[in-house]
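Analysis of the macromolecular model
One-letter residues, chain by chain:
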Amino acid sequence: MKEVRLENVTKSYDGVTLAIPGINLVCARGEMLALLGPSGCGKSTTLKMIAGIEPISDGAIFFDDTDVSDLDTASRNVAMVFEDYALYPHLSVFDNIAFPLSIRGKPKAEITERVERVMKLLGLREISGEQVQQLSGGAQQRVSIGRALVREPDLIMFDEPLSHLDSDQKVQLRTEIKRLQQTSKLTSVLVTHDQNEAISMADRIAVMDKGVLQQVDTPSAIYNQPANIFVASFIGEPPMNLLDGSLVSARNPLRIRLAGQCEFPAGEQVLPQLAQRIEGAGVVIGIRPEHMRVNPPQAGLSASMLLLDGCVYAHEPGGDSDVVTVDTDIGRIVAEAPAPLMLAAGDSVQLGLEPTHFHYFCKDTGRNLLLEAP
Ligand SMILES: Nc1ncnc2c1ncn2[C@@H]1O[C@H](COP(=O)(O)OP(=O)(O)OP(=O)(O)O)[C@@H](O)[C@H]1O
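Residues numbered from 1 in each chain as written. Predicted model: local features only at pLDDT ≥ 70, side-chain atom pairs only at ≥ 80, totals over all residues. Heavy atoms only, no water.

In the nomenclature of an unreviewed UniProt entry, the chain is known as ABC transporter ATP-binding protein of Alloalcanivorax xenomutans.

What follows covers the packing of aromatic side chains. Evaluation of the coordinates by the stated rule reveals two aromatic pairs. Considering the side-chain rings of tyrosine 88 and phenylalanine 99, the 4.7 Å spacing of their centres and the 45° angle between planes classify their relative orientation as tilted. Taken together, the residues tyrosine 88 in the loop between strand S6 (78-81) and helix H2 (93-102) and phenylalanine 99 in helix H2 connect sequence positions eleven residues apart. Exposure remark for tyrosine 88: the relative accessible area of 39% places this residue in the partly exposed category. A residue is classified by how much of its surface remains accessible, and phenylalanine 99, at 26% relative accessible area, is partly exposed. The ring centre of tyrosine 13 lies 5.0 Å from the NZ or CZ of lysine 11, which sits over that ring. (Phe/Tyr/Trp six-rings, centres within 6.5 Å; stacked < 30°, edge-to-face > 60°. Helix = DSSP H or I, 4+ residues; strand = E, 2+ residues; numbered from the N terminus. Buried < 20%, exposed > 50% of the residue type's maximum accessible area, 1.4 Å probe, protein only. Lys NZ or Arg CZ within 6 Å of the ring centre and 35° of its normal.)

With that settled, the discussion passes to the site of the ligand. With respect to spatial proximity, the complete set of residues near the ligand consists of Tyr13, Ala19, Pro38, Ser39, Gly40, Cys41, Gly42, Lys43, Ser44 and Thr45. Here an oxygen atom of the ligand sits 3.0 Å away from a polar atom, N or O, in the main chain of glycine 42. Burial of the ligand by the protein amounts to 54% of the accessible area it has alone, namely 620 Å². Taken together, the residues that form the shell around the ligand break down as four nonpolar, five polar and one charged. (Near = heavy atom within 4 Å. Polar contact = N/O pair within 3.5 Å; in protein donor to acceptor, adjacent residues only side chain to side chain. Areas by Shrake-Rupley, 256 points an atom, 1.4 Å probe, with all protein chains shown as cover. Nonpolar A, V, L, I, M, F, W, Y, C, P; charged D, E, K, R; others polar.)

Let us look at the sheet that holds strand S8 (residues 188-192). The six strands lie next to each other as S6-S7-S8-S3-S9-S10, forming an open sheet whose pairing is mixed. Here the strands that pair on one side only, and so sit at the sheet edges, are S6 and strand S10 (212-217). Between one strand and the next, the sheet's axes are offset by a mean angle of 20°, whatever the strand orientation. Looking at chain direction, S6 and strand S7 (residues 155-159) are connected through four bridges and run parallel. The residue of S7 that forms the bridge with valine 81 is phenylalanine 158. Here helix H4 (residues 137-149) sits on the sheet in contact with S6 and S7, set at roughly 175° to S6. (Pairing = 2+ DSSP bridges. Axes fitted to C-alpha atoms, helices over the stretch in contact; angles between N-to-C directions. Contact = heavy atoms within 4.5 Å.)

What follows concerns the environment of isoleucine 205. On the secondary structure map, isoleucine 205 appears in strand S9 (residues 204-209). We classify isoleucine 205 as buried; its relative accessible area is 0%. Separated by 173 residues in the primary sequence, isoleucine 205 and methionine 32 have C-alpha atoms spaced 8.6 Å apart. Apart from residues no more than four positions distant in its own chain, isoleucine 205 is found in contact with Leu33, Ala34, Leu36, Ala198, Ile199, Gln215, Val216, Asp217, Pro219 and Ile222.

Those places that UniProt annotates as "domain: ABC transporter" (unreviewed entry) correspond, in this numbering, to residues 4-235. Spanning residues 4-235, this segment combines 35% helix with 24% strand, and its end C-alpha atoms are found 25 Å apart. (UniProt positions renumbered as here; feature names shortened; annotations may be inferred.)

As for its placement among the helices and strands, leucine 91 is situated in the loop between S6 and H2. Classification of leucine 91 as partly exposed rests on a relative accessible area of 30%. If near-sequence neighbours (up to four positions away) are discounted, leucine 91 is found in contact with Asn96, Glu130, Gln131 and Val132.

Let's shift gears to the sheet that holds strand S19 (residues 348-353). By definition, the strands of a sheet pair up through backbone hydrogen bonds, in either a parallel or an antiparallel sense. Pairing is antiparallel across the open sheet formed by five strands, whose spatial order is S15-S19-S16-S17-S18. In this open sheet, the two edge strands, each paired with only one partner strand, are strand S15 (292-294) and strand S18 (331-338). Across this sheet, the average inter-strand angle for adjacent strands is 40°, counted without regard to direction. Pairing geometry for S15 and S19, over three bridges, is antiparallel. Its bridge partner lying in S19, methionine 292 is registered against leucine 353.

Take the domain arrangement of the chain next. Domain boundaries assigned for the chain yield domain 1 (4-234) and domain 2 (241-362). Here the C-alpha centre of domain 2 lies 39 Å away from the C-alpha centre of domain 1. On the domain 2 side, the residues contacting the seven residues of domain 1 number seven residues. Roughly 630 Å² of surface becomes buried between domain 1 and domain 2 when both sides are summed, with 63% attributable to carbon and sulfur atoms. The largest share of the area that domain 1 buries against domain 2 comes from Tyr223, Ile229 and Ala232, three residues that together contribute 71% of it. Applying the counting rule to domain 1 against domain 2 returns zero salt bridges. There are two residue pairs in polar contact (both at pLDDT 80 or more) connecting domain 1 and domain 2. Elements with a minimum of two residues in the side of domain 1 that touches domain 2: helix H7 (219-224) and helix H8 (229-234). It is H8 that contributes the most residues to the side of domain 1 that touches domain 2, three residues altogether. When its residues are assigned to classes, the side of domain 1 that touches domain 2 shows four nonpolar, three polar and no charged. (Domains from an automatic or database assignment. Buried area = accessible area lost by both parts, 1.4 Å probe. Salt bridge = Lys/Arg side-chain N within 4 Å of Asp/Glu carboxyl O.)

Have a look at this one:
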């Protein structure tokens, strides 16, 4: 397995517009890196450039210290796992996995030994002789992972590998791929538009929008310290609430006005230096739905909690938590709280917001003000 490094890589399909204006990205040896973003953000283009399926327009791609930019796919030793499995339906599990070795003319004994090893790793030995078309989607995808592994590639690319599976199989295969990737230390790039997949499987996530990397970090950092409004609103279900705010007083303690209505002290974590940066400019305040209390009993409220009265617009019961959408004077707010919430549309409710959990973004640039160097 090798490290993969993209240095100032650009891609234009028509020679005029840039689908990828310039990307710098490293997938460390043995790491799973997810490329995550909405449709058209450039995930597949990036994956195809790494695999050598699409030529790059500029920059360079390295596998360890080797510049592979001009090598074709066959010369890069990259294996792909596609969403539609791309197997030979009439061939057996064994023959599908053996295929990349057979076409390279490997000796029969070596093929048997390598295929057996991979089948054992993936729990496929018992169905070795079955035609793949008779298998479930999850089993077919395991065969396609086996076919990728048997080549002993430098890099495995997973292109939306779980998209065609039902939810049971999705969760099961997600766990299996993660376990395999960790135990076998596979350098892997995962392309997905599904944030749950990226968060649960990847060591790090590269969030993309319009061909540009927005943030590259661990799932936890991306969730807890989103670099900008795009990442904040893209990651998290239900999405983060984003409310207009403005600086009322730059003096200590810093006070913020929310949606022109209520004022609150911004809290210790908002460094005094930030006051100057945001004075005059608006801020966007991000609040995760789970960082609110719904109809909190007065006794349980901390003194620092900001209270908002509202009217329930919708209540969606969940398993261990419910989601409630509330119309307040400062706009519609989504909160998530431990179930069951005995609420219905039209009920009066009080939300308790804890400013220490707030995220502050620059209204002009969208950047997270708390992550910026003073
Ligand atoms: N073969 C192509 N010719 C011209 N433009 C292309 C081609 N493939 C992709 N693009 C453009 O490049 C940009 C990035 O597309 P890409 O398919 O890489 O995004 P994506 O994030 O993988 O989207 P999706 O999840 O829908 O596949 C888009 O604007 C798309 O229209």
